[in-house]
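Structure at a glance
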Amino acid sequence: MNDVKFQRQVRPHATTAGAGRWLCGLSTDCRRARRSFRGRSGVAAWRSADRTGAGELGVSGDPGRLPLKGLALPGGPTLLRNLARLGITSAAELLLHLPRRYEDRREITPIAQLVGGTAGTVSARVVDVRVEKTWRRGIQRTIATLADESGAIEAVWYGRRFIERRLVPGVEIVASGKVKHVGWALQLDAPEFSPLAGSEAVSAGRIVPIYRLTKGLTALTLRRAIRTLIDRLADD
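Each value, and the rule that gives it
- Residues numbered from 1 in each chain as written.
- Predicted model: local features only at pLDDT ≥ 70, side-chain atom pairs only at ≥ 80, totals over all residues.
- Heavy atoms only, no water.
- pLDDT = per-residue confidence, 0-100.
- Helix = DSSP H or I, 4+ residues; strand = E, 2+ residues; numbered from the N terminus.
- Contact = heavy atoms within 4.5 Å.
- Polar contact = N/O pair within 3.5 Å; in protein donor to acceptor, adjacent residues only side chain to side chain.
- Pairing = 2+ DSSP bridges.
- Axes fitted to C-alpha atoms, helices over the stretch in contact; angles between N-to-C directions.
- Buried < 20%, exposed > 50% of the residue type's maximum accessible area, 1.4 Å probe, protein only.
- Core = buried A, V, L, I, M, F, W, Y, C linked by side-chain atoms within 4.5 Å.

1. With respect to the confidence of the model for the protein chain
Per-residue pLDDT for the protein chain has a mean of 75; in total, 68% of the residues score no lower than 70. For the protein chain, helix α2 (residues 28–36) is the element with the lowest average pLDDT, namely 36, and strand β5 (residues 151–158) is the one with the highest, namely 96. Note on residues 1–61: pLDDT is under 50 here. Beyond four places in sequence and across chains, it has 90 contacts.

So this is what it looks like as structure tokens:
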């Protein structure tokens, strides 16, 4: 299955003005403030709206200055250091870190129907997990055998420390990645995966945003941080 690439879509909070509108939607008082801005210059109006929304969140000035430190995002200090490499230190900067593209990972393909050289998404059970050393010092290889009713396939990750802790035999997962030919067999190359149970399916089985990353920052970690930030601000 070929990846379906979507044009960049601007989310409601994907511009400075949009961030003001989104934050302003958090309370009745702020929505009243929005209505009072009708007829004024758009930029000036939404800057005022930003300040109103910031006050409701307990932040003085522009809500874009809301620092990520102290928000207890998943990933902790390591996440903050990695985001800083991308120039992201505030809530608005994280929300405005737009995807480069989107991939449609909703279509589930039976393992027996996967085709080498394409991307595929499977719904499978983890049968076995093993960790092997490689010839490169400090680099390990994690191999998981995944199976569904049609067959089985190995998924391989290089240098992903502790990933085996998330791959428990017997767990049902949705995995998406590039399908490669290895000899006569097929292999999933470093697929992103999420458990079928629970609410952590942010990387597979749906339309998934593809972000610009940096060393030490995985796509899954970034997606979780953005989702947590949106949920946390919406709940305030």
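2. Digging into the side chain of Arg105
With respect to the helices and strands, Arg105 occurs in the loop between β2 (101–104) and β3 (119–133). Engagement of the side chain of Arg105 in a polar contact is seen with the side chain of Glu103, the distance being 2.9 Å. Engagement of the side chain of Arg105 in a polar contact is seen with the side chain of Glu192, the distance being 3.3 Å.

3. Points about the environment of Val174
Along the chain, Val174 turns up in strand β6 (residues 172–182). Between the C-alpha atom of Val174 and that of Ser194, which follows or precedes it by 20 residues, the distance is 5.5 Å.

4. Thoughts on the pairing of β6
The side chains of a regular strand alternate between the sheet's two faces. In this structure, β3 lies alongside β6, joined through seven bridges in antiparallel fashion. What sits directly across from Gly120, in β6, is Gly177. Relative to strand β7 (residues 185–195), β6 runs antiparallel, the two being bridged by nine bridges. Along β7, the bridge assignment pairs Ser176 with Glu192. Hairpin connection between β6 and β7: a loop of two residues separates the two successive antiparallel strands, and Gly183 in this loop has a positive phi of roughly 65°.

5. Regarding the sheet that holds β3
Here five strands make up a closed barrel; going around it, the order is β3-β4-β5-β7-β6 and the pairing mixed. Direction aside, the axes of adjacent strands within the sheet are offset by 50° on average.

6. Quick notes on the pairing of strand β4 (residues 140–148)
Counting buried positions along β4 gives seven out of nine residues, so the element sits mostly inside the fold. Strand direction decides the pairing type here: β3 and β4, joined by eight bridges, are antiparallel. Across the sheet, Arg125 pairs through a bridge with Ala147, a residue of β4. In this antiparallel pair of consecutive strands, β3 and β4, the connection spans six residues, and Gly138 shows a positive phi of 80°. Sheet topology places β4 next to β5; eight bridges connect them, and they run antiparallel. For Asp148, the partnering residue across the bridge sits in β5 and is Gly151. The loop that links β4 with its antiparallel partner β5 comprises two residues.

7. Things to note about the nonpolar core
If you look at soluble globular proteins, the nonpolar side chains tend to sit buried side by side. With 18 residues, the main nonpolar core has Leu68, Leu73, Leu83, Leu94, Leu222 and Leu229 as its most contacted residues. When residues of this core are traced back to their parent elements, those giving at least two are α4 (76–85), α5 (91–95) and α6 (219–235). At five residues, the largest contribution of residues to this core is made by α6. With sequence-adjacent residues up to four places away left out, Leu222 is seen in contact with Leu83, Leu94, His97, Tyr211, Arg212, Leu213 and Leu217. In terms of nonpolar packing, the next biggest core, distinct from the first, is built from 17 residues, Leu146, Trp157, Ile173 and Phe193 among them.

8. Points about the environment of Ser176
Residue position: Ser176 is located in strand β6. Assessed through its relative accessible area of 5%, Ser176 is described here as buried. Engagement of the side chain of Ser176 in a polar contact is seen with the side chain of Thr121, the distance being 2.7 Å.

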